[in-house]
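Commentary on secondary and tertiary structure
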Amino acid sequence: MSNKTTRHIKAAVFAAAFLAFSHLSDAQDVHIAVPDITPPSGADTVSVVFIGDVMMHSRQLGYDSREFLGRIEPLLSGADIAVANAEFTMAGPPYTGYPRFSSPDDYACDICRNGVDVLMVANNHILDKGSAGFRRTLDKMPCPFTGAGRDAAEFAERNPLIVPCKGMRIAFVNFTYGTNLGGESLWPKVNRMDKDAISAQIARARERGADFIIALPHWGVEYSLVHNRSQEEWAVFLKEQGVDAVIGAHPHVVQDTCFIGSIPVVYSMGNAISNMSAPNTQLGLAVVLRMVCHNPSGARSLLRPELHFLWCSLPGEIGDNYLVVEAEDHVSDHPRMKQTLERVKEKTGIE
Ligand SMILES: [Zn+2]
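About the cut-offs
- Residues numbered from 1 in each chain as written.
- Predicted model: local features only at pLDDT ≥ 70, side-chain atom pairs only at ≥ 80, totals over all residues.
- Helix = DSSP H or I, 4+ residues; strand = E, 2+ residues; numbered from the N terminus.
- Buried ≥ 20, exposed ≤ 12 C-beta atoms within 10 Å, placed from the backbone.
- Contact = placed C-beta atoms within 7 Å.
- Pairing = 2+ DSSP bridges.
- Axes fitted to C-alpha atoms, helices over the stretch in contact; angles between N-to-C directions.
- Core = buried A, V, L, I, M, F, W, Y, C linked by C-beta atoms within 7 Å.
- Expected span 1.5 Å × (residues − 1).
- Arc of directions from axis to C-beta.
- pLDDT = per-residue confidence, 0-100.

1. Comments concerning the overall build of the protein
In terms of regular secondary structure, the protein is built from nine helices and 17 strands. Among the 351 residues that make up the protein, the fraction classed as buried is 49%. Relative to all contacts within the protein whose residues are 6 or more apart in sequence, the contacts with residues 24 or more apart total 74%.

This is the structure in structure tokens:
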């Protein structure tokens, strides 16, 4: 993989409200408490921020995508590693939105320019333009990606994707419940929700010296604010396989969070960027994980996750472009955002 991420050590710390996880009473092995004001950011701590679905609906094609994530660039660049779900292909022109996405080649560059370091590609839209479009998408990726591979060697290398940072090795295992369309060829291949395969990838992460293993499933029921039984069964399975956190995407809305044992589970981060305006779809989550190496013992621990509510502002709301912002900064001026935030907090239990 590229050395970009390994060389890329970001220093800034962002001020943020710490939002409590719901169902904290389920936690059996409570993590080290996060300080109230300044989160740890020293040489012994790796921070990783995750955001949900980055989409490009047809109406978005007429807007400057360099600005979409500009307002949360400090949040993304303030973490050592920023990870987003690339729910689009770069299959070449003509550019198309839903239901078969093909976005301009610059789109992924624009996302990365605003601080994203790693893109997840295991999602249901990755084969929207067939195997050729899938391959072209991976060819055009400007940053490390996970959840797929163009051949067996690359698939093994990227599933899990190991990102070294500050002397620690963070493993990402990204996989999808399925794809809307099938491919015409075996390669490139997307990582699918197969228990034997995922179990083997988690084991390989450990063999490759991962200090922390983060599972990134693309799963769940669209527009449901609560997880379903299948997600819960998979989350328990992933915990049993030894992952340190589960952070999901796909439903286009935020879902509830919990701890299973000591493992934090964010069932769905919702959308990051889209043209969606249906109830709850403009609200998303950024999830910040902090992983600490305690010297001199070398013991590792994962701190309690920090959640930030994001809002994808459509043209005419906050500005004249698609702008992802931190909801807390704007909620008092935007009644619909306020109503949505209150409704989602109530349904998900996220405070
Ligand atoms: Zn999806």
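2. A word on the sheet that holds strand S7 (residues 168-176)
Overall, mixed pairing links the six strands, which are arranged S6-S7-S9-S10-S12-S11 in an open sheet. Edge positions in the sheet fall to strand S6 (161-165) and strand S11 (257-260), since each has one partner strand and no second. Pairs of neighbouring strands in the sheet enclose a mean axial angle of 20°, with direction left out of account. When S11 meets strand S12 (residues 263-266), the two strands line up antiparallel, connected through four bridges. In the sheet register, isoleucine 260 faces S12, and the bridge partner there is isoleucine 263.

3. Notes on helix H3 (residues 106-113)
An α-helix turns once per 3.6 residues; consequently, residues spaced three or four apart project the same way. Considered for burial, the residues of H3 that qualify are Tyr107, Ala108, Asp110, Ile111 and Cys112. Elements that come into contact with the buried residues of H3 comprise strand S1 (45-54), strand S2 (81-86) and strand S3 (118-120).

4. Thoughts on the nonpolar core
A general feature of soluble globular proteins is that nonpolar side chains tend to end up buried together. Of all hydrophobic cores here, the largest spans 101 residues; its most connected members are Val49, Ile170, Ile214, Val287 and Leu310. The element contributing the most residues to this core is strand S14 (residues 283-294), with seven residues.

5. Comments concerning helix H9 (residues 335-348)
The first and last C-alpha atoms of H9 sit 20 Å apart over 14 residues, in line with the 20 Å expected at 1.5 Å per residue. For H9, the complete set of buried residues consists of Met337, Thr340, Leu341, Val344 and Thr348. Mapping the buried residues of H9 onto a view down its axis gives an arc of 100°, with all of them on the same face. Projecting away from the buried face of H9 at angles above 90 degrees are the exposed residues Pro335, Gln339, Glu342 and Glu346.

6. Considerations on the environment of leucine 127
Positionally, leucine 127 belongs in the loop between S3 and helix H4 (130-139). Given 25 C-beta atoms within 10 Å, leucine 127 falls into the buried group. Note: C-alpha distance between leucine 127 and phenylalanine 101 (26 residues apart in sequence) is 9.2 Å. If we skip the residues at most four places from it in the chain, leucine 127 touches Phe134, Thr179, Leu181, Gly182, Gly183 and Val190.

7. Description of unusual backbone geometry
Proline 93 connects to proline 94 through a cis peptide bond whose omega is -5°. Residues tryptophan 187 and proline 188 are joined by a peptide bond in cis, for which omega reads 0°. Mapped onto the elements of the fold, proline 188 is located in the loop between S7 and strand S8 (189-190). Its identity as a non-glycine residue notwithstanding, lysine 166 has a phi of 50°, on the positive side. By the secondary structure assignment, lysine 166 is in the loop between S6 and S7. Judged by the 16 C-beta atoms lying within 10 Å of it, lysine 166 is partly exposed. A positive phi angle, near 70°, is found at histidine 252, a position not held by glycine. Among the structural elements, histidine 252 can be located in the loop between strand S10 (245-247) and S11.

8. Looking at the environment of aspartate 139
Examined against the element boundaries, aspartate 139 turns out to sit in helix H4. In this structure aspartate 139 comes out as exposed when scored by C-beta crowding, with 11 C-beta atoms within 10 Å. For the pair formed by aspartate 139 and arginine 150, sequence separation is 11 residues and the distance between their alpha carbons is 8.9 Å.

9. Some thoughts on the pairing of S1
By the criterion of burial, S1 is predominantly enclosed, with nine of the 10 residues buried. Bridge count between S1 and S2: six bridges; the pairing is parallel. Opposite isoleucine 51, over in S2, you have alanine 84 as the bridge partner. The sheet contact formed by S1 and strand S13 (residues 271-273) spans two bridges and is parallel. Bridge pairing in S13 links aspartate 53 to asparagine 271.

10. A short note on the confidence of the model for the protein
Detailed conclusions should not be drawn from predicted coordinates in areas where pLDDT is low. When pLDDT is averaged along the protein, the result is 90; 88% of the residues meet or exceed 70. Ignoring residues within four places in sequence, the model shows residues 1-20, a span with pLDDT below 50, making 39 contacts including any to other chains. Under a pLDDT of 50 for its full length, residues 22-38 has, in the predicted model, 32 contacts with residues more than four places off or in other chains.

11. Overview of the environment of lysine 338
Inspection of the secondary structure puts lysine 338 in helix H9. Under the C-beta neighbour-count criterion, lysine 338 is labelled partly exposed, with 14 such atoms within 10 Å. Here the alpha-carbon distance between lysine 338 and alanine 327, two residues 11 residues apart in the chain, equals 8.5 Å.

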